[in-house]
Amino acid sequence: SSDKNKVLEFCKTTFSWGDYISDVWDDWILEGNLLVLTENDVPVAICHCSINIEQLWIEGIRVNKNLRRRGFAKRLIQESEFIAKNNNCKISQMLIATNNQKSLNLAGSLTYKKDEIWNFYSLQKLFPNAFCRIRRKVKLALFSSAPIV
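Quick caveat, the model's predicted, so the values are computed rather than measured. (Residues numbered from 1 in each chain as written. Predicted model: local features only at pLDDT ≥ 70, side-chain atom pairs only at ≥ 80, totals over all residues. Heavy atoms only, no water.)

J.: I'd like a rundown of the nonpolar core, residues and numbers included.
T.: Among the nonpolar cores identified, the biggest contains 25 residues, and Ala45, Ile58, Phe72, Met94, Tyr112 and Phe143 are the most heavily contacted of them. When contributions to this core are tallied by element, the ones reaching two or more residues are strand 1 (34-39), strand 2 (42-52), strand 3 (55-63), helix 3 (72-86), strand 4 (91-97), helix 4 (101-109) and strand 6 (132-144). The dominant element in this core, judged by the number of residues it contributes, is helix 3, at six residues. For Ala45, the contacting residues outside a window of four places in its chain are Phe10, Leu35, Val36, Leu37, Arg62, Val63, Phe72 and Leu76. Counting nine residues, the second-largest nonpolar core is a separate cluster that includes Val7, Cys11, Trp25 and Trp28. (Core = buried A, V, L, I, M, F, W, Y, C linked by side-chain atoms within 4.5 Å. Buried < 20%, exposed > 50% of the residue type's maximum accessible area, 1.4 Å probe, protein only. Helix = DSSP H or I, 4+ residues; strand = E, 2+ residues; numbered from the N terminus. Contact = heavy atoms within 4.5 Å.)

Given below as structure tokens:
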């Protein structure tokens, strides 16, 4: 899409290590339900919602850092829930890093409840066909919505 480069530009500083949106953008476009919120024809926020039977999975919420605190993430979540309702989903879920207080607060304000804490590890190969080492550990909170009605 023509929005891709503009979105990737504001996503590249999401985390200290960068972001994964550039790796999944094309797949999300093909799958559908990549939501791009624009203001004056300029993309300001995105998220992807994936539907699996009766479950909505919300991921990749990103808002241009210069335009935060304007309700864009909330609008994307609500639009995702609207899509879910039209697809007979019963629940909505998302993972949020436990140190991302603003996103945790947003989820709580939208009737999402923390269900579990997950520990995420990634491995780094030291040499081809050799041992790996743990690269980083991130704590993620799994949030679930009240039933979608």
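Moving on from the model shown.
J.: I'd like a rundown of a positive patch on the surface, residues and numbers included.
T.: There is a patch of like positive charges on the surface, built from Lys65, Arg68, Arg69 and Lys102. In this structure, Lys102 sits in helix 4. Taking relative accessible area as the criterion, Lys102 reaches 64% and is therefore assigned exposed. (Patch = residues over 30% accessible without salt bridge, like charges linked within 9 Å, V, L, I, M, F, W, Y side chains within 5 Å. Areas by Shrake-Rupley, 256 points an atom, 1.4 Å probe, with all protein chains shown as cover. Salt bridge = Lys/Arg side-chain N within 4 Å of Asp/Glu carboxyl O. Lys, Arg positive; Asp, Glu negative; His and termini not counted. Charge placed at Lys NZ, Arg CZ, Asp CG, Glu CD.)

J.: How would you explain helix 1 (residues 4-11) if you had to name every residue and give the values?
T.: Regarding helix 1, the residues found buried are Val7, Leu8, Phe10 and Cys11. Down the axis, helix 1 shows its buried residues gathered within 165° of arc, on one side only. Buried residues in helix 1 make contact with helix 2 (21-31), strand 2 and strand 3. (Arc of directions from axis to C-beta.)

Function-wise, these values are silent; they only describe arrangement.
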